[in-house]
Amino acid sequence: MAGLATTLGSGAMTNSIAEIGDAACIMAIGTSTTEAHPIIGYQVKKAVRQGAKLIVANPQEVPLARFADLFLPLKPGSDVALLMGMARIILEEGLHDQQYIEERCENLDQFKQSLEEYTLQFVSDITGLPGEDIVNAARMYAENNPSSILYCMGITQHSHGTDNVIAISNLALITGNLGRTSGGVNPLRGQNNVQGACDMGSLPNVFTGYQKVTDEAARQKFEKAWGASLSGEPGLTHTEIFDAAHRGEIKAIYLIGENPVLTEANAAHSLEAMKKLEFFVVQDIFLNETAALADVVLPAASFAEKNGTAVNTERRVQRVRKVLDPVGDAKPDWWIVSAIANEMGAEGFAYNSAAEIFKEITSLTPSYAGITYERLEEGGLQWPCPTEDHPGTPILHTEKFNTPSGKGKLMPIKYRPSEDCCDFDFPLILTTERNLYQFHSTMTRYSEGLDELSGGEHIMINPADAEKLGVADGDLVEVNSRRGKLQVKAKITRRSQEGVASLSFHFAECPTNLLTSAALDPVAKTPETKVCAIRINKA
C-alpha cells in the first residue's frame, strides 16, 4: 500500500503531539480537533499563534475554523477529489520535493497519470469549493514546511475511507513531510487506549504489534508461547460480526467496553442481531443500553480502580495506576477474562497482576520489547522501542518506510462517490460529529455537571434549508433515512452548510445511528457513518 504502511496498519500518528505546535502549516481535515481532541487542539492554536498557516477542511464550520487561514467547507465524501486535486497542483507548479521523491518514493509516473482526471474544474464540481481556494490550499500546504496533516473519523468513516487515507499519504510524500519533525500524517484516535487495543491484536488479521496471522513464523511463535493451535485465517471485523450474528452464523457474543445500541452504524440491524443471539455477555462499568439486552452482565473496574498500561494516539505507552478500590463486585477486565478461562479449563491464564501480563506482551511483541514497568515509572515511551536501552520513537519513517523496497509508494486513486447518495426522497446529507462536553456514547451522561453544559441533542440545519422546510430554531423535526427515523429538536445555524445537517451520537434519547449507513469500505470494513441521505420534516 502507500508509504504509510505502519500508520495505515496501526492507525497511529507518525509524529508526536508536542511537535504540532512547531509546525509551519497544519491541515486539519475530517476533524473537529478542539472539540474531540482539545489537548491536541491547544497545540494547533499554539502553532497558529507562532505564525503557522492553518487549513481546515470540514463539511461543518467547526470551532477550529475560526483560527484558520483557509476554511474549506467541502461536500461530505469528496475528500479524495480535494486531496488528489491538491497533489496535481503541487506537481504542476513544481512545489513538490523532488529530491525527497527521488530518494524515498516510488511509482511517481503512474501516480502522475492518475491525476489527469483531477482537473481544477472536476475537483471544484465534486467538492463544491471555489477553484481559487483549492489552489491556495495546495500552495499553502506545499510552501510552508514542515507541514502536518491531522485527521479523524471524518476521513475514515466512509465507504472509501482507505482511499482518503492513501490520498493524504500521497500529499505528504510528494512534499517530503513524512519522517520529518513537526510534519507527518497524524490520525487522531477516537477514544483513549483505542491505540493500545489495536496494538494488542484487537483486529481480526493480526497478533500483538501488528504481526500478521497469515505469517507462519509469527503464528508459530504465538503457538509455542500459548501452547495452542492458532488459525492462519483472518477473522471478522466488528461490523461483519454483527452481520454474521444477524444471519444466525454467530450464536454468542462476549462484548467488553462497547455500546453498539448507540454506536453501531445502522443500529436497528445490530439490535436485531443482538436479539437473535442464543447467549450474550456484556462486561462494562455501567449498565448501558446494550448491557440491558445481555443474558449476563459482568461488572468491570474503571480506569481509576485498576493498575495497567494504556497507549495514546501518539503511540505512547503509559502507566495506569489504581487510586480507588473497585465498587461492589467490579474487577479489572484481565481478572474477569482470566477467571472465566480458568473455569473453562484453559491453560495459560494463571496471571496474578497486570504487570505479569505486560511482561508476556513485551516478550512476544518486537515493537514493545524494550518497554518495562520500571522504565514507565519515569514516563511514557513511544513504540517502536525494541531494546531496553532504546529511547523510543517520537517520529516514524525517518530513514525508510515499512515496505519491501523501504520506499513510500505513491498510489493512484480513482474518485468514487459515497454509497448513500441523495435523491428526490432524501434530498439532504446528514453527517455525524462529536460534542466537547460529552464522550462517545452514554459514558459521560452519568455526570450531572456535563449534562448541565450539554444535556440534549439538536440537529444542526443551515438557515436556507430551514426556510425551505418551514422549520424554526427549537422546532421538533422528524428525520428519516433509508434505514430508520427519529425525532429531535432543530438548531438553525450557519455551522452547517446548505444541503448538510449534523448530529452527534452521544444521546440515547436521540439514537443517531438508527439513521446512518453501514456501507463498508472494502479494505478496512469501516461503515459510512459520515454520509447519510436524509429527509427532514417538521414533526
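None of the values given here were measured: they were computed from a predicted structure.

Once that is clear, we can look at a nonpolar patch on the surface. A cluster of nonpolar side chains, contributed by Y254, I256 and V337, occupies part of the molecular surface with about 220 Å² of accessible area. By secondary structure assignment, the location of I256 is in strand β7 (residues 252–256). Exposure remark for I256: the relative accessible area of 39% places this residue in the partly exposed category.

A separate point is the packing of aromatic side chains. In the structure shown here, the tally under the stated rule is 8 aromatic pairs. Taking 6.1 Å as the distance between ring centres and 80° as the angle between the ring planes, the aromatic pair formed by F122 and Y415 counts as edge-to-face. Of this pair, F122 sits in helix α7 (residues 120–127) while Y415 is found in the loop between β13 (408–409) and β14 (428–432), placing the two residues 293 residues apart along the sequence. Here F122 falls in the partly exposed class, since its relative accessible area comes to 24%. The exposure class of Y415 is buried, given its relative accessible area of 19%. Taken together, a centroid distance of 6.0 Å and an interplanar angle of 40° make the contact between Y210 and W383 tilted. Taken together, the residues span a long stretch of sequence, with Y210 in the loop between α11 (194–199) and α12 (216–226) and W383 in the loop between β12 (381–382) and β13 at a distance of 173 residues.

Let us look at the pattern of salt bridges. Considering all chains together, one arrives at 18 salt bridges under this definition. A salt bridge links R495 to E35, with the nearest nitrogen and oxygen atoms 2.9 Å apart. Placement of the pair is R495 in the loop between β17 (485–492) and β18 (500–503) and E35 in helix α2 (residues 33–36), with a sequence separation of 460 residues. Of the two residues, R495 and E35, neither departs from the other in class, the shared state being buried. In this structure, R416 and D163 form a salt bridge, with 3.3 Å as the shortest nitrogen-oxygen distance. With a gap of 253 residues between them, R416 in the loop between β13 and β14 and D163 in helix α10 (residues 161–174) connect regions that are remote in the sequence. Residue class for D163 comes out buried when judged on its relative accessible area of 17%. If you follow the salt bridges from partner to partner, you end up with D420, D423, R482 and R483 in one network.

What counts as what
Residues numbered from 1 in each chain as written. Predicted model: local features only at pLDDT ≥ 70, side-chain atom pairs only at ≥ 80, totals over all residues. Heavy atoms only, no water. Patch = residues over 30% accessible without salt bridge, like charges linked within 9 Å, V, L, I, M, F, W, Y side chains within 5 Å. Areas by Shrake-Rupley, 256 points an atom, 1.4 Å probe, with all protein chains shown as cover. Salt bridge = Lys/Arg side-chain N within 4 Å of Asp/Glu carboxyl O. Helix = DSSP H or I, 4+ residues; strand = E, 2+ residues; numbered from the N terminus. Buried < 20%, exposed > 50% of the residue type's maximum accessible area, 1.4 Å probe, protein only. Phe/Tyr/Trp six-rings, centres within 6.5 Å; stacked < 30°, edge-to-face > 60°.

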